[in-house]
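# Secondary and tertiary structure notes
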There are 4 protein chains.
Amino acid sequence: MAKVCLVLGAGAGIGGNVGKKFAREGYHVALCRRSDEEGLNKIVAEIEAEGGSASGHLVNAVKEGAIEDLIEAVEAGIGPIDVVLYNLGSQIGGRSLEDTTLKVFELGWQMATMGLFRVAKTLFPRMVERGSGTLLVTSATASVRGNAGQHSHAGSMGGRRMLCQTLNAEFASKGIHVAHILIDGAVDAPDTLGKMMGADAFQKLREARGLEHDGLMLPEKMAETYFHVSQQHRSAWTHELDLRAFSDLAWWNHAA
Amino acid sequence: MAKVCLVLGAGAGIGGNVGKKFAREGYHVALCRRSDEEGLNKIVAEIEAEGGSASGHLVNAVKEGAIEDLIEAVEAGIGPIDVVLYNLGSQIGGRSLEDTTLKVFELGWQMATMGLFRVAKTLFPRMVERGSGTLLVTSATASVRGNAGQHSHAGSMGGRRMLCQTLNAEFASKGIHVAHILIDGAVDAPDTLGKMMGADAFQKLREARGLEHDGLMLPEKMAETYFHVSQQHRSAWTHELDLRAFSDLAWWNHAA
Amino acid sequence: MAKVCLVLGAGAGIGGNVGKKFAREGYHVALCRRSDEEGLNKIVAEIEAEGGSASGHLVNAVKEGAIEDLIEAVEAGIGPIDVVLYNLGSQIGGRSLEDTTLKVFELGWQMATMGLFRVAKTLFPRMVERGSGTLLVTSATASVRGNAGQHSHAGSMGGRRMLCQTLNAEFASKGIHVAHILIDGAVDAPDTLGKMMGADAFQKLREARGLEHDGLMLPEKMAETYFHVSQQHRSAWTHELDLRAFSDLAWWNHAA
Amino acid sequence: MAKVCLVLGAGAGIGGNVGKKFAREGYHVALCRRSDEEGLNKIVAEIEAEGGSASGHLVNAVKEGAIEDLIEAVEAGIGPIDVVLYNLGSQIGGRSLEDTTLKVFELGWQMATMGLFRVAKTLFPRMVERGSGTLLVTSATASVRGNAGQHSHAGSMGGRRMLCQTLNAEFASKGIHVAHILIDGAVDAPDTLGKMMGADAFQKLREARGLEHDGLMLPEKMAETYFHVSQQHRSAWTHELDLRAFSDLAWWNHAA
């Protein structure tokens, strides 16, 4: 039976590409996203066309019980989940304090922090019993520094990063590998960045950065590192790493 | 008219002592806590006995609209709030993932993150209009590193710290000083640490640390630094500082 | 007998102003700098004109034995040093790797790291015997993040910050307070920033920032915080804090 | 012609094992260490026995001109260096301030910071001309927090980390990948940890940690991640990552 990799937040960017990578390496990939069934089916079809195994699941993660039911269903119907990628973000673009409603602030936390907590609550007891498991968490610069307009994003991703550390502290010695992957730059991801910016602005950014010169982060390349981390020997686990394009300044560097 | 200092979380530890310090320096101090009216009245009475001015307010901060109404009432009935101390914590003692319910996890976030966001939403527009204001935030080591058993605490304080940075990024240039004060040690605070540990264990800790040798952090001494930060000239503001007893190792130091 | 405060790096910016503050609070201030005897005498004269007590010492700190001899001479001739401010920097402006010679790189380390180590080696055994003492260290953003052109500066200040932590870990419990003060912005300091930029460019910066609107950090205001930290009760010591002007972005915030 | 990987600090731990990994992947590996010609020849022989290509170089890196001459010689005699691993450390075990001489403190800096600077000074101009190159730097927890007894180690590794950031800021966009690899735990390395502890104590540690249960970090497993990082696509480079055994607490976690 194939190992199972569950991807929460499986769009055409990081989620879908990490899914494809795991499928190529022999995993069954359970791909979940909230909406766009067509887009979801497309990724499943692409994986199957390459000879891989995948399933698509439309799930609204913030709904009560939804994450719990999904994990239950995958474990029961497909098999024990070896690797889970938590790829839900809370980026909503720059919004002043005034324009950030309590509702938006709470939704950010539901996506960035509470959802991850629920995944761990549901899945870790099973992984502990099996003596192994991997939780890959896509994270953002907002988890290590707050910027103007990022009240909801940073206020929730900061909690996510600390939660990853508490999970690691309790579960590493039980064989569960938690990796906090800090994405520091713009990803060539039409489903997230593209939608946030609008199609035209996104295309302009792609052209400005130079698609052929890999100015944007290419998710199929990022997926290589996600996979590597999931395969590290337990005597040499990475808990945190950053990823950025060679052409970008790191978040801690101002332009001169 | 006296300047006004609002203290959210005014127990017998940091909150009450910072209140007393501001009262001694001529501020009217509006002291708020969720319960223990007797304890609250006692602090007010102590301040008045010293010739200071204070008022007590019983408020359940996580209740919808409660923080907003309180700020409204203080501004309307007492005067413009110059300094606010956000002193609500989310420490609940060490709890494994299994023992941390979704409800507890959410409550931690309501106390540590959402409540602070609501204070800023309500108060900052007024401070911006007045061109000045100070937000002092008591924080914890859990805001910079997650430890086993701290899922709710770290998962919410991490968000708090990033939120302080986003607020600072948007509002410093508008004259609002946000200070994130990282308490790295056990405070001699019967209302919080004392209740969490139980009276007996807390008394034993006090004796072990040596009350006369100031092994615990003394909140009346900590209050001196809270006040100093609130009075810094705007050309030299501190956004973050730590406080710990000389006899304690810093959070980043293991015992050998 | 007056308490003694030793200032290493006593120019017209932070060093001189911290010296004046301590003199006003009753300390004898021993002011040391490498050159500009006239400038040094001017600060001593200003302190004495205010009724304070000060002495001037021309010392090249990187010379073998110079720091050690100075501390010996002050302790023997003036009195036990209660507070020492280490205010020597290694900022040389932006230089590419190519333009940073091995000699410059070593000099940066001598100023930023080795000099501080020598102060601690010489003075801490005396402070331990006396059961108390304070080391204030002026530091820079370069101690927490490296930027292009800062090879020598960051490569040495990073060591300085870690050294402060090792000293704190060994000596806090022996009554010695080490504080790492992170200056995150341009100081209105003609002897350092002014010389580095050139008199004209510095004056233009002052005008652009608006002297009357305190856009630059004012060293006499910063001195208030230096002094406060030195007087903290040992149950509530600050090891690290930042200082920046309200009008500046923090180092971790990019312009949008 | 084979690509060339230069290893500075090629003992039987990380250095030798990273060398073997690169040799297996088709690189010629130039292995350098200060002493123990026999040990060096053994690694070369092991690589060649596997069909790989390697050369051994005895070099005292802190000697003036030694690193520069070595790089010159490898480039001229073997070929352009594609990847360099800087694996020299400055760990000397716990030493109090009193027991840390100026000479030891300087030597730590020579090994940890200056040596790395000299590698970059010598090699980066060549890599810039070629448009690509990779610098892998083995680093330690001492680069992010100072502990008692670590004056020399932390005081130099802190500089190393900041230097890596300055190099990255100047050279990433020119195609040079700098990776700071933070080793947070005890490595199964007889040539460094073994010598520092003494053979008996080291063997006891190995037995206590359980060799068969991979309690110590296994350098041949760590080498997989070193290699992966060196092969990352330039649209997704890692600048910093940590490595620790699953059974160890992270440096930021105290035992309860």
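Refer to the preceding data block for the structure.
Residues numbered from 1 in each chain as written. Chains lettered and ligands numbered in written order. Predicted model: local features only at pLDDT ≥ 70, side-chain atom pairs only at ≥ 80, totals over all residues. Heavy atoms only, no water.

Let us now look at the overall build of chain A. Secondary structure assignment for chain A yields eight helices and seven strands. In terms of C-alpha radius of gyration, chain A reaches 18 Å, essentially the compact-globule figure of 18 Å for 256 residues. For chain A, the spread of C-alpha atoms along the principal axes amounts to about 50 × 40 × 35 Å. Out of the 256 residues belonging to chain A, those deemed buried represent 64%. Long-range pairs, those at least 24 residues apart, make up 73% of the contacts in chain A between residues at least 6 apart in sequence. Within the structure as shown, chain A displays about 9,400 Å² of accessible surface, and the carbon and sulfur contribution to it stands at 50%. (Helix = DSSP H or I, 4+ residues; strand = E, 2+ residues; numbered from the N terminus. Rg over C-alpha atoms; globule rule 2.2 N^0.38 Å. Buried < 20%, exposed > 50% of the residue type's maximum accessible area, 1.4 Å probe, protein only. Contact = heavy atoms within 4.5 Å. Areas by Shrake-Rupley, 256 points an atom, 1.4 Å probe, with all protein chains shown as cover.)

Two copies of the chain are present, and they differ by a rotation about an axis and a shift along that axis. When chain A is brought onto chain D, the operation consists of a screw motion whose angular component is 180° and whose axial shift is 0.0 Å, with 0.0 Å RMSD remaining. Both copies of the chain, as the preceding transformation shows, are related through a two-fold rotation axis. Residues of chain A ranked by C-alpha distance from the rotation axis are headed by A:Leu241, positioned 2.2 Å from it. Both copies share a contact surface, since 100% of the interface residues of chain A are interface residues in chain D too. (Least-squares fit on C-alpha atoms with pLDDT ≥ 70 in both.)

For an interface, size is often stated in terms of accessible area lost upon the parts coming together. Counting residues at the interface gives 39 residues for chain A and 39 residues for chain B. Each partner contributes to the roughly 3,000 Å² buried at the junction of chain A and chain B, and carbon and sulfur atoms together form 73% of this total. When the buried surface of chain A facing chain B is broken down by residue, A:Leu97, A:Phe105 and A:Trp109 rank first, second and third, together holding 21% of it. For the pair chain A and chain B, the interface holds 14 residue pairs in polar contact (both at pLDDT 80 or more). Among the elements of the structure, α4 (102-130) and α5 (151-171) of chain A are those that each provide at least two residues to the side of chain A that touches chain B. For the side of chain A that touches chain B, the leading source of residues is α5(A), giving 13 residues. Among the residues making up the side of chain A that touches chain B, the classes are represented as 17 nonpolar, 15 polar and seven charged. (Buried area = accessible area lost by both parts, 1.4 Å probe. Polar contact = N/O pair within 3.5 Å; in protein donor to acceptor, adjacent residues only side chain to side chain. Nonpolar A, V, L, I, M, F, W, Y, C, P; charged D, E, K, R; others polar.)

Our next topic: the interface of chain A and chain D. The interface of chain A with chain D comprises 33 residues on the first partner and 33 residues on the second. Summing both partners gives a buried area of about 2,900 Å² for chain A against chain D, and 54% of it is carried by carbon and sulfur. If you look at where chain A meets chain D, you find 20 residue pairs in polar contact (both at pLDDT 80 or more). Those elements that provide at least two residues to the side of chain A that touches chain D are α5, α8 (219-231) and β7 (240-243) of chain A. Ranked by residues supplied to the side of chain A that touches chain D, first place goes to α8(A) with five residues. Residues of the side of chain A that touches chain D, tallied by class, amount to 14 nonpolar, 12 polar and seven charged.

This part takes up the relation of the copies chain A and chain B. Turning chain A through 180° and shifting it by 0.0 Å along the axis lays it on chain B, with an RMSD of 0.0 Å. Looking at chain A, 100% of its interface residues are interface residues in chain B too, so the copies touch through the same face.

In this section: helix α5 (residues 151-171) of chain C. Relative to the 30 Å expected for 21 residues at 1.5 Å per residue, α5(C) spans 30 Å between its end C-alpha atoms, a close match to the ideal helical length. A large share of α5(C) lies buried, amounting to 21 of its 21 residues. (Expected span 1.5 Å × (residues − 1).)

All names here are of chain A. The backbone phi angle of Asp36 is positive, close to 65°, even though this residue is not glycine. Within the fold, Asp36 resides in the loop between β2 (28-33) and α2 (37-49). Take Asp36: its relative accessible area is 31%, and that puts it in the partly exposed class.

Turning our eyes to something else, we now look at the packing of aromatic side chains. Under the defined criterion, the tally for this structure stands at 36 aromatic pairs over all chains. On the basis of an interplanar angle of 65° and a centroid distance of 6.0 Å, the ring pair of A:Trp237 and D:Phe246 is categorised as edge-to-face. Taken together, the residues A:Trp237 in the loop between α8 and β7 and D:Phe246 in the segment after β7 (240-243) connect one chain to another. Given a relative accessible area of 8%, A:Trp237 falls into the buried group. A relative accessible area of 9% means that D:Phe246 is categorised as buried. Seen in terms of ring centroids, C:Phe105 and D:Phe117 are 3.9 Å apart; in terms of plane orientation they differ by 5°. Their pairing is stacked. Of the two residues, C:Phe105 is situated in helix α4 (residues 102-130) and D:Phe117 in helix α4 (residues 102-130); the pairing between them involves two chains. (Phe/Tyr/Trp six-rings, centres within 6.5 Å; stacked < 30°, edge-to-face > 60°.)

A few words now on helix α2 (residues 37-49) of chain B. All names here are of chain B. The first and last C-alpha atoms of α2 sit 18 Å apart over 13 residues, in line with the 18 Å expected at 1.5 Å per residue. Residues Gly39, Leu40, Ile43, Val44 and Ile47 constitute the buried set of α2. Taken around the axis of α2, the buried residues stretch over an arc of 140°, which confines them to a single face. Exposed positions of α2 whose direction lies more than 90 degrees from the buried face are Glu38, Lys42 and Ala49. Tucked into the core, α2 has its buried residues touching α1 (14-24), β2 (28-33) and β3 (53-58). Residue Gly51 follows α2 closely and has a positive phi angle near 90°. (Arc of directions from axis to C-beta.)

It is worth stressing that arrangement in space is one thing and function is another; only the former is reported here.
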